[in-house]
Amino acid sequence: MNWYTKSIDESLKGLKTNKEKGLSEAEATERLQKTGYNQLIQEKQTSPWVLFFHQFTDFMIIVLIGACIVSALLGEWIEAAAILAVVLFNGIMGFVQEFKAEKALAALKKLTAPTAKILRDGEIHVLPASNIVPGDIIVIETGDIIPADLRLIDSQRLTIEEASLTGESVPISKKAEITYEKDVPLGDQKNMAFMSTVVTSGKGTGIAVNTGMLTELGKIAHMVQSVEKETTPLQKRLERFGKCLVYACLAICFIVFVIGIMRRESFIDMFLTAVALAVSAIPEGLPIVVTITLALGVQQMVKRHALIRRLPSVETLGCVQIICSDKTGTLTQNEMTVTRIAANIDKCFEVAGVGYTPEGQFYQETTLVDPCQDNAIMLLLKTGSLCNNARLYKNEEGWRMMGDPTEGALIVAARKAGILQEQLLNDYKLIEEFPFDSERKMMTVVYQDEGNERISFTKGAPDILLGLCKYIHTNDGVRELTRQDRDSILKTNEIFASQALRVLGFGYRKEFSRGDAEGAEKGDKAGSLANASPDIETEIIFVGIAGMIDPPREEVKQAIHECKTAGIKTVMITGDHKITAVAIAKELDAFDETKDIALSGAELDALSDLEFSKIVDSVRVYARVSPANKLRVVTELKARGLTVAMTGDGVNDAPAVKEADIGIAMGITGTDVTKEASDMVLSDDNFSSIVAAVKEGRRIYANIKKAIHFLLSCNMGEVIVIFVAMLIGLPLPLLPLQILWMNLVTDGFPALALAVEKEEAGIMKQLPRSPKEDIVTSQLAMLIVIEGIFMGICALAAYIIYIHSNPEKAVTVAFTVLVLCQKIHLFNCRSLTISTFKIGLFTNWWLVLSVLFILLTQVAIVHIPCLQIIFKTVSLTLQDWGIIAGFSILPLVGMEIYKFARCVCKRS
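What exactly am I supposed to notice about the packing of helix α31 (residues 807–828) against helix α35 (residues 878–888) here?
Describing two packed helices takes the angle between their axes plus the distance from one axis to the other. Two elements in contact, α31 and α35, have axes whose closest approach is 9 Å; the angle formed by their N-to-C orientations is 40°. It follows that α31 is oblique to α35 by the angle criterion. Crossing of α31 against α35: the hand is right-handed. Across the interface between the two elements, Lys809, Val813, Thr816, Val817, Leu820, Cys821 and Ile824 of α31 pack against Asp880, Trp881, Ile884, Phe887 and Ser888 of α35.

I keep staring at the sheet that holds strand β9 (residues 322–325) and nothing clicks. Help me out?
For sheets, the rule is that strands pair by backbone hydrogen bonds, running either parallel or antiparallel. The strand order across the open sheet formed by eight strands is β8-β26-β25-β24-β9-β21-β23-β22, and the pairing between neighbours is mixed. Single-partner strands in this sheet number two, and they are β8 (306–308) and β22 (597–600). Going across the sheet, the axis of each strand differs from the next one's by a mean of 20°, ignoring polarity. For β8 and strand β26 (residues 680–682), the ladder comprises three bridges, and the chain directions are antiparallel. Each bridged residue has a counterpart across the sheet, and for Ile308 the counterpart in β26 is Met680. Against the sheet, helix α21 (residues 578–587) contacts β21 (569–573), β22 and β23 (619–623), and its axis sits at roughly 140° relative to β23.

I tried to follow helix α2 (residues 25–35) on my own but got confused; where do I start?
Since the α-helix turns once every 3.6 residues, residues separated by three or four places project in the same direction. Buried residues of α2: Ala28, Arg31 and Leu32, and no others. Buried positions in α2, seen along its axis, are confined to an arc of 105° and lie on one side of it. Seen from the open side of α2, the exposed residues pointing more than 90 degrees away from its buried face are Ala26, Gln33 and Lys34. Buried-residue contacts for α2 involve β1 (115–120). Positioned one or two residues after α2, Gly36 has a phi angle of 85°, which is positive.

In this structure, what is going on with helix α13 (residues 375–386)? I would like to understand it.
With 12 residues, α13 extends 17 Å from end C-alpha to end C-alpha; this agrees with the ideal 16 Å at 1.5 Å per step. Taken together, the buried positions of α13 are Ala376, Ile377, Met378, Leu379, Leu380, Leu381, Thr383, Gly384, Ser385 and Leu386.

Which parts of the structure should I look at to understand the packing of aromatic side chains?
Geometrically, a pair of aromatic rings is defined through the distance of the ring centres and the angle of the planes. Scanning all chains against the criterion turns up eight aromatic pairs. Consider the rings of Tyr428 and Tyr447, whose centres lie 6.1 Å apart with planes at 80°: the pair is edge-to-face. Linking Tyr428 in the loop between α15 (421–427) and β14 (429–434) with Tyr447 in strand β15 (residues 442–448), this pair joins segments that are 19 residues apart in sequence. For Tyr447, a relative accessible area of 4% gives the class buried. One aromatic cluster in this structure is built from Tyr428, Tyr447 and Phe457.

Help me out: how do you make sense of unusual backbone geometry in this one?
Most peptide bonds adopt trans geometry, and most residues besides glycine take a negative phi value. Here the phi dihedral of Asn452 falls at roughly 65°; this positive angle occurs in a residue that is not glycine. For Asn452, the position within the fold is in the loop between β15 and β16 (454–460). One non-glycine residue with positive phi stands out, namely Asp589, at about 60°. By the secondary structure assignment, Asp589 is in the loop between α21 and β22.

For this particular structure, what's the right way to read the pattern of salt bridges?
According to the stated counting rule, one finds 32 salt bridges in the structure shown. Ionic pairing is found between Glu593 and Lys586, a salt bridge with its closest N-O pair at 2.8 Å. Its relative accessible area of 58% is what places Glu593 among the exposed residues. Taking the shortest distance from any N to any O, the salt bridge between Glu636 and Arg640 comes out at 3.7 Å. The class for Glu636 is buried, based on a relative accessible area of 16%. On the basis of relative accessibility, which here comes to 36%, the residue Arg640 falls in the partly exposed class.

Got a minute to help me understand the packing of helix α20 (residues 556–565) against helix α27 (residues 687–727) in this structure?
Between α20 and α27, the least distance of the axes is 8 Å, while the angle of their chain directions is 30°. The element α20 and its partner α27 pack so that their crossing is left-handed. Across the interface between the two elements, Val556, Ala559, Ile560, Glu562 and Cys563 of α20 pack against Phe687, Ser688 and Val691 of α27. For the contact of α20 with α27, a count of residues per class yields six nonpolar, one polar and one charged.

I'm lost on the side chain of Thr674 in this one. Help?
Residue position: Thr674 is located in helix α26 (residues 672–677). With residues up to four places along the chain from it excluded, the contact list for Thr674 reads Gly648, Asp649, Gly650, Val651, Ala654, Val657 and Ala665.

How should I be thinking about the pairing of strand β3 (residues 137–141) in this particular structure?
Remark: a regular strand shows side chains that alternate across the two faces of the sheet. Bridging between β1 and β3 involves three bridges; their strand directions are antiparallel. Bridging across to β3, Ile118 finds its partner in Ile138. Bridge analysis of β3 against strand β7 (residues 198–210) gives five bridges, and the strand direction is antiparallel. Each residue of the ladder has a partner; that of Ile137, found in β7, is Ile207.

Looking at this model, I keep getting lost on the confidence of the model for the protein chain. Mind explaining?
The predicted coordinates of low-pLDDT regions are not to be read in fine detail. Of the residues in the protein chain, 89% have a pLDDT of 70 or more, and the chain-wide mean is 84. Contacts from residues 513–534, a stretch scored under 50 in pLDDT, to residues over four places away or in other chains number 26 contacts.

Looking at this structure, I do not really get the pairing of strand β20 (residues 540–549). What am I missing?
Taken across its 10 residues, β20 has 10 buried, putting it largely inside the fold. Relative to β20, strand β10 (residues 337–343) runs antiparallel, the two sharing six bridges. Pairing of Thr337 across the sheet is with Ile549, part of β20. As defined by bridge partners, strand β17 (residues 469–474) adjoins β20 across three bridges and the pair is classed as parallel. Counted as the bridge partner of Tyr471 is Ile541 from β20. For strand β19 (residues 502–510) and β20, the ladder comprises seven bridges, and the chain directions are antiparallel.

Definitions and limits used
Residues numbered from 1 in each chain as written. Predicted model: local features only at pLDDT ≥ 70, side-chain atom pairs only at ≥ 80, totals over all residues. Heavy atoms only, no water. Axes fitted to C-alpha atoms, helices over the stretch in contact; angles between N-to-C directions. Helix = DSSP H or I, 4+ residues; strand = E, 2+ residues; numbered from the N terminus. Parallel < 35°, antiparallel > 145°, perpendicular 65-115°, else oblique. Left-handed = near helix turned anticlockwise from the far one by under 90°. Contact = heavy atoms within 4.5 Å. Pairing = 2+ DSSP bridges. Buried < 20%, exposed > 50% of the residue type's maximum accessible area, 1.4 Å probe, protein only. Arc of directions from axis to C-beta. Expected span 1.5 Å × (residues − 1). Phe/Tyr/Trp six-rings, centres within 6.5 Å; stacked < 30°, edge-to-face > 60°. Salt bridge = Lys/Arg side-chain N within 4 Å of Asp/Glu carboxyl O. Nonpolar A, V, L, I, M, F, W, Y, C, P; charged D, E, K, R; others polar. pLDDT = per-residue confidence, 0-100.

Here it is as C-alpha cells:
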C-alpha cells in the first residue's frame, strides 16, 4: 500500500491504532506473532564448506584432479603431488575471495536503530526496535535513526537526511499533513520517514506502516540477496577454452592409442604413452599463472586508487562497454559551491573556485570590476553568512564543513571575499531564529548589532522572497522596488535555474520593535509564522540572488573523453532532479540533446519492458530513480549482451552494484553495504580512477592472453614431439616428469613474468572486446599450432641426431632443446606485431631474470648427479650445448620473419 496517498485519519483507521494511546501491549504482542520481528532476515546463506568445494567444480580443475589421480595410480607420486598443490592453491584463493564477499546483509543490519520510543497504552516506552509492529506510534527527534517505515502524523520543523536510500545528502523537510493523490518518487514523499534514515532537526510522530523486510530498506536487502553474482567474462572464456583444450587432448590421445594398438604395440605401453601425451597437452600451470597474474594486477590497481575485492574482477574492467555512474561525489565534487551571484538588479558575476576550500581568488578573471568593491554583493555575502547554521572549520585533512551543504557554500563564498563568519558572530548577537519552513520556503534570523539596533536577515526562494520585499538595496542606496526591478530579478532567477543552479534570494530589514520579533516567535510556535509575523517578513529590503551547484570534477571531462575514445559509453544514474543531472552531463560532454534521452524514475516506471528495450541505448541520464529503477537499468543493459560497470555509494545503490558485471563502491562516501556488495572500491571516489582501472584491466587481460599464448605454444611443441615420435616409431623423447617440470616450472615462472608487461601503445584507443570473443581466437590458435610445430621439429631434429648413437643423451638433448626453445620463444610472446628488438630485450627485467633462472636450473638438471637420477638426464659436452643453442634460437628467428612479413603486408 502507498501510505503517502493516505491521509492521517485514513492511516490511523487502516492500521486500527490510536494516535493518543498507541497500541495496547496485548494487541502489539498479537501483531508481532503475525508479522514477525522488525529486522532484516538472511534469506539464504551458503555454507563455508559448500563455498570451498565449489572452487573445484571448474572444468579445468576437474581435469587436473583427474590427471592427479591417474598419476597416483601409476605410481608417479611427484607428478601427482605437484598437480594437487596447484589445485589446492587455486581452491584456497577462490574460497577466501568469495567468503569475504558474503557480508552485505551484516552491513545493512548495522544501519538499523537498536531502540525506539514507542507509544503503548498511552505511555512512551523505550523498547528494542525489533519489537515494533505495524500500527505502533513512534516518537522521533533530532539524532534518531528511523526504526521502521513511518507515515508521519505530526511534524515540527522536521528534516530527515535520506542519503542512505536516495543518494542525495541534502536533508528533506517533512510535512505530516500533506497527502499525495498520485505516485511520487521516494525522495519526494514528504509525509513519510524510512527505516535507517536520520533525523537532522526537529521532531515528530509517525505510525509504523511497514516493518522488517517490507520496509524500503528490507526491499533493498531482498534485492541484494536475490542477485546472483555471475561468472566474469574471463571465467567464461577460460571455461570454454578449457573444454575445447581437453576435448582436443582426448582426441589426440585416442588417435595415438588406436594407432599404437593397430601396430600391435603393448596395451600398457600405449596407455602410458597416451597419459604422457595428455600430461604434455594440458597446461597444468595455467590456473596458477592466471590467479597470480590477477593478484599482481590487484597490487597495481591499488596505485590507481582501486581496491579489488574479487580477483577475477581485475580482468572484467578491461572489457567494460558501459559505465553507469552516480553523479554526486563521483562525477561531481560533492561540495556545493556558489558559482554565480547577482546584485544591483542585473549586475551578475561568476565566483571562482569550487568546493569548501575558501582560499584563493574570489571572482573569475573575466570579471572586469572587483566585486569586493560592490556594496550590494558584500551585503549579500554577509547576509548569507549570518542567516546560516553551518560552520566551516579546518583540521589536519584540510577544510571541512559541518551542517547543510547549501549553507556551507554561502560561508565559503563569503570567506573568499574576506568576510569571516566567526568575526560576524562576534559583532552581532543572535536574538531570534525562524528556521526554514517548507510552506514559507524561507529562513529568517534576528540580530542585534553593536549599536543595539535590531536587524533581520532573510534567505529563501527568490520568487517567494521577492513577493515580501518593498525595497531594493543598490550601490546608490536603498530605494523602492519597481515592477521593472521585479521583472529583471525574476528573469535572472530563471536564467540561473535553467543552468541547474540551486537559487536563493537574500534580503534584510531594519527598524522594527522588540514586540515584532516576539510576535513572530509566538506565531512560529503556533505553526504559522507567515501569518503571525507581518512585520518581520514583510517590507524586506531585497539584496540579490546567488546560484550554487555541486560542480563537476575538473578531471572527469577528460576521463569521459578517454572513455569515448576507448568505445566505452557513460551513463549517469542519480537521485537528483532531471534538470540538474542533464546540466552536469552537458558540462561533461556526456549528453547530446540532439540524440540522447534523459529519463526520470517516474517516466521509467511508466515504460513497459518492450518500450524500455527500444530506447535504452539512447538514454544517457536517469534522474530521481529508485533502487528498483537502478537494478532494472543494469539488468536490461546486461540482457543486451553488454559488460556493465555500476558505481554507487548509498544503500539504494547496493542491488544494482551487485547485479553489474563490475560493481564499484565509493571508498570515502560509500556505505558498508555498498562496499560489501561491490567488486571494487574506489579509495578516492573519483570517476577518473575508474577509467585508469579500465586501462589497467585491459593491460592485465592482454598479459593473460600473452601467457596463454606462451603456455599453449610450449605445450603444443611437447605434443608434437611425442605424437610425431610415436607415428614414426621412435622411443618417447620426453619422460612424464620432464613434461610436468616444463609445464609447471620452466613454463610457469616465465609466464608469470609476462604479467608485469607494460601496456602496449594505443590500448585505450581500441574498442572493448566482445564478451563472446574466445580467449584464443582462430588467428591466435593457428599461430600457436605453427609455433608448436616449429619448436617440436627443432627438438625432434636434435633427438634424431643422437638417438642411434646415444639414446640417453638423445632424451637429454631433446628435453634441453625444448626448454631453451620455449624460453627464447617467451620474448616472441610479448607482442604479435612488434619486433622483440624494438620492444627491447631488457625492458622487462622480471622476464630476463626468469629466463636466466631456468637456464641455470636446466644446467643443474643436466650436470648434477642427484638431479640426473630424478630427471633421467646425462651430462653434455660443449659441442652438445652448441648444437642445442643452434636449434633453440630458431623460434626467435622464425617469429621475427613472421612479424616483418606481417608489417610489410599491412603497409601494402
